[in-house]
Every structure is written in C-alpha cells, then in structure tokens.
Amino acid sequence: MIDPKLIRHTPDVVAEAMRRRHKAIDLDMLTALEERRRAALSKVEVLKAERNAVSGQIAELKKRKEDATGHIEAMRRVGEEIKELDEEAHIAEAEFMQILLTIPNLPDAGVPDGADADDNVVVRTWGEPTQPDFPAKPHWELAEALGLLDFERATKIAQARFSLFVGLGARLERAILNYMLTLHATQHGYTEIWPPYLVHPDSLQASGQLPKFEEDLFRLREGLYLSPTSEVQLTNLHRDEIFEAGALPRYYTAFSPCFRAEAGAAGQESRGLIRQHQFDKVEMYKFVEPERSMDELESLVANAEAVLQGLGLPYRVVLLCAGDMGFSALKTYDLEVWMPGMGKYVEISSCSNCGDFQARRGQIRYRREAGGKPELLHTLNGSGLAIGRTWAAVVENYQQADGTVALPPALHPFMGCATIGG
RNA sequence: GGAGGGGUGGCCGAGCGGUUUAAGGCGGCGGUCUUGAAAACCGUUGUGGCGUAUCCCGUCACCGGGGGUUCGAAUCCCUCCCCCUCCGCCA
C-alpha cells in the first residue's frame, strides 16, 4: 500500500507513477473520500469531547443525588449525531482503503519507462548460451525418453498442468531444492524456514495478492488459500511486529510448493514444467532499513545469480520496465536462464525491492534507535530459484548427444550420481 | 470435533456501567544520593488518526477483532478469532 498521505499532499506524484505503470486510477474519487472522512472526523471529535465532559458532570450530579435529566436528554441528541458522523467517517475510510489496496507500488526513479516485457533492459549476461553440436531437445522430450516426468498420470491424479516426477527425476527435484537451501543458509546468511503452505487472507493482503488478484489463487472451503509463493509466508513472519534497534537486517530463505490458478493463462507454455498449477520454489526474503534497501536488492540478485553460476547455467539479468513490474514492487530484476532445447531465455527468478509497500500493509516496523518511534521498514523478495524451471534448465543444458544428462558437479553430492540415463 | 477456563499497556496483574482520560508491581528511561556501582528515593513511560502539526500543544480513538445496549462500556449483550486444560480422532 502506498502512503495514504501522498493522495492528499502530492497527488501529481501518484498520477505520474500510475501513468508510468499504464494503470488508470481515479484520484479525484480518492481525494473526495479522504475529504469526506476528515470532515466527518473533525466534526465528530468536537461532539465526543463535549460528551466526555458532560458525562463527567452527569456522574458528579448522580453522585450527589441531583437531577441530571437535562444533561442526559442533551447528550442523547449528541449521541445520535455522533453515531451518524462516525458511520459517515467509517464508510468513507473503508471505501478509501478498498481503493487504496488496489493501487500498485510507485516505480523507483531508476526503473525504465515501458509498457511490457519488450521494454525491459538487459543489464548483463553470464555465460555463453549453450549450443550443442547436435539438435538440442526441450526438457519434456528428454524427460519422456528418460522416464523422469509423467504428465499423463499427474493429470489423472489431479488435473492438467500438474506435474509428477519419477525416479531420478524426482530425486533431481529434491537435489536442486537441497542445493539451493543449503547454499543460502550456509553461504549467504539466510535463516532457513519451513513454512505452512496454507495462508490466511490477511497474510495475502499484507503481501499484496489480495484483494486484487483473488482469481489467481486456489481457495479452500475453510477460507484459507493455497500459498502462491512463500513470499507470502515470509512477509507475514513478522506482520504486526516492531524490530528493536539493531535487529535489522533479517534474511530468510524458505522452500514451499506454490499454487497458482493461472486463470486466463490457458494455452501459454502448455508443454513441460514451465507453467504449472503447482511448482516448487526456494524463496529469499529480507527485512531491512529503508536507506539500505537498494543495496540489499543488488546483493539479493547476486545471491540468486550464485545459484545459477554454481550450476553453470548461462543466464542474463533483466531490469523490468515500469509497465512490467509486479503489483508490490518498486524495482525488479528478473533472472532469465538459457534453455537450449526451447531456444530462448526463460524467467527463473524475480527479485524485487518492495520498499515500505508490504510493510505498510502488514504493519511491519522497526526502531531506528532504542526508544525511538516505530517506522516502516523495507522488504525485498527474490526467487532463489524456481525449482521446476531449474530442473528443466539443468536437463536441457547438460543433455548429451546420446540423450543422457551429465549433471553439474554441484548436484552430485545431492544426487548420489553424476549422470541420468545411459 | 466435544466439554470447561481464559484473552487488560514491553511483561506480570487489579479493575461494583460514572474522580480509571486503566490501580499496583516488574522492566526501561531520566534524576537525587555515591569515588563508582548497587540499594533506596523522586519523576517518567504505548500506538494510531485529526487539527497547515514526525518534536511541543490540543483533541479523538485503542483493554483479542467486529457489532449492539446506554447520556456514559475494559465492565452488560451478540458474533467471530486466538490461547490453556481435559476428552476424542489422527501422521
């Protein structure tokens, strides 16, 4: 959530930010609601002050066994007025908040203009795109030949767009997860978390999925949701908390399966592991002091890059343009891994600085100094990485002419073998 | 899932519907005393909104959340959530 005060004090800044995002919002409506709320509030407070004072007098009179019916009658009328004005203020505020919760974060000044993915900027490339001297196959063909994936049975068990790993394919998924978590927990200073997979709507509102993106989520009869990313759980780890001075930064990493209804995504990337209703992901998350968050974004990206470098997978780093960024982010880098079988770069990580956007929605604060006022902190999140897509990248990049896969050394200890197939 | 008991400030813990705009204690902060410290004593203490107002000032709200009764609610009523104890079920 953006700072509500911006609506009143610098509406032009908000309007410009929304223009950059190619999002239309009704600022006049917001301003009017805020005005209504404040008008009702200032009126009702005068009346409440009067009621408090006269109530004291009534108490005095009653204590002395004197008549107070005049005061009581007057306060009855005041009470009715208070009730009406309170309601007016509540309604105006509720409507204001309802709209404010659907307004995306303001893009950082360092974010390029642009409407969609075509306007993103490649900031650097690592490694040479693998081009084997034989026709490279996509991972789903390799996996079928090696018996590593069984989409048909996954569909029978659940539905289309679910996956089922078999044998060394299943072990590879587990090995990648282990490799990533171990790297972040032991080399990058992140505290390891194993979170619940179901989340409360309050948690989804704090991280930004609700109320706007309900249709992308799986909801249970009980009112809980299947988490679409452990960013949700990690954001809410410290919801409604205040970090004492010196307690920041805090780094967390978590594994979780991620569930996405992907409404409206039918037809895209229908083959292989790229786009599924359920996928595994290791997430990195940071709670930091505001002035450090841009530096922290760079090191977060470096931590995600280390995963790919450790696996020897070629990739590039892309700075998203204002129109392509996610709802909660003010600046985002995507990591795109080279997939020789698919013949293109595919997004495998998204690292964002959310500024105080999530912190405000979740009331996550810190004290700059001992005894100081609580202030909103900044949060960052990044995939480290999407496991299924990493699985696909490993299989495609390390395929051999004979159809086997020669695994990168970093995975050998977690796999207990060096090759798949053959 | 069933039965019972509870949710009060950073923590513990009082609180007949009206000097409680929450007693008392602990902790924290400031001070007196002391060579220094401890002890003792004195003072102080949260969050948010509004007022052109991050501090000061004024005011309103906040005793798990929401709603209601009342001139007036921490206190009474309804509802939801959470915690504890016991029982049941279960990996």
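Note that this is a predicted model, so its numbers are computed, not measured. Numbering of residues starts from 1 in every chain and runs along the sequence as written. In the order they appear in the text, chains get letters beginning with A and ligands get numbers beginning with 1. For this predicted model, a pLDDT threshold of at least 70 governs which residues receive local features, and a threshold of 80 or more governs which side-chain atom pairs are given and counted, while totals over whole chains, interfaces and linings are taken from all residues. As a rule here, side-chain values come from all non-hydrogen atoms in the structure, and water together with hydrogens is ignored.

J.: I'd love a proper account of the protein's contact with RNA strand B, names of residues and values included.
T.: In the region of RNA strand B, 23 residues are neighbours, and Arg-37, Arg-38, Glu-45, Met-75 and Arg-76 sit closest. We call a residue near a molecule or strand whenever a single non-hydrogen atom of that residue lies within 4 Å of it. Each atom of RNA strand B within 4 Å of the protein belongs either to a base or to sugar and phosphate, the latter forming 74%. A distance of 3.2 Å separates a phosphate oxygen of RNA strand B from a polar side-chain atom of Arg-8. Within the side chain of Arg-37, one N or O atom sits 2.8 Å away from a sugar or linking oxygen of RNA strand B. Elements supplying a minimum of two residues to the surface near RNA strand B: helix H1 (4-9), helix H3 (27-63), helix H4 (69-100) and strand E11 (365-367). Residues of the surface near RNA strand B, tallied by class, amount to seven nonpolar, two polar and 14 charged. A 3.5 Å cut-off defines polar contacts: any pair of N or O atoms within that distance qualifies, except that in protein one atom must be a possible hydrogen donor and the other a possible acceptor, and neighbouring residues in sequence count only when both atoms are side-chain atoms. The secondary structure listing takes helices from DSSP runs of H or I that are at least 4 residues long and strands from runs of E that are at least 2 residues long, numbered from the N terminus. Each residue gets one label: Ala, Val, Leu, Ile, Met, Phe, Trp, Tyr, Cys and Pro are nonpolar, Asp, Glu, Lys and Arg are charged, and the others, such as Gly, are polar.

J.: Please provide a residue-by-residue account of the state of the cysteines, values included.
T.: Our working definition of a disulfide is a cysteine sulfur pair at a distance within 2.5 Å. Across all of its chains, the model carries zero disulfides by this definition. Lacking any disulfide linkage, Cys-354 is separated from the closest cysteine sulfur, that of Cys-351, by 11 Å. Accessibility expressed as a relative area gives 2% for Cys-354, which makes it buried. Burial here depends on accessible area, computed with a 1.4 Å probe over protein chains only, as a share of the maximum for the residue type. Under 20% is buried, over 50% is exposed, and the range in between is partly exposed.

J.: Tell me about the nonpolar core, and please be specific about residues and values.
T.: Grouping buried Ala, Val, Leu, Ile, Met, Phe, Trp, Tyr and Cys residues that are joined through side-chain atoms within 4.5 Å yields what is termed a nonpolar core. Counting residues in hydrophobic clusters, the biggest one holds 54 residues, and the most contacted among them are Leu-172 and Trp-391. Broken down by element, this core gets its largest block of residues, eight residues, from helix H7 (residues 168-187). Should any heavy atoms of two residues lie within 4.5 Å, those residues are counted as being in contact. In this structure, Trp-391 is in contact with Ala-143, Leu-148, Leu-149, Phe-165, Gly-169, Leu-172, Glu-173, Ile-176 and Leu-273, ignoring residues within four places of it in sequence. Listed in part, the 16 residues of the second largest apolar core include Met-18, Phe-96, Phe-327 and Phe-357.

J.: Help me get a handle on the sheet that holds strand E12 (residues 374-376), residues and values and all.
T.: Whether two strands pair comes down to DSSP finding at least two bridges between them. Spatial ordering of the open sheet is given by E5-E11-E12, a layout of three strands whose pairing is mixed. Every other strand in the sheet has two partners, leaving strand E5 (242-243) and E12 as the edge strands with one partner each. Two elements, E11 and E12, share three bridges in a ladder whose sense is antiparallel. Looking across to E12, one finds that Arg-365 is bridged to Leu-376.

Just geometry here; none of it tells us what the structure is for.
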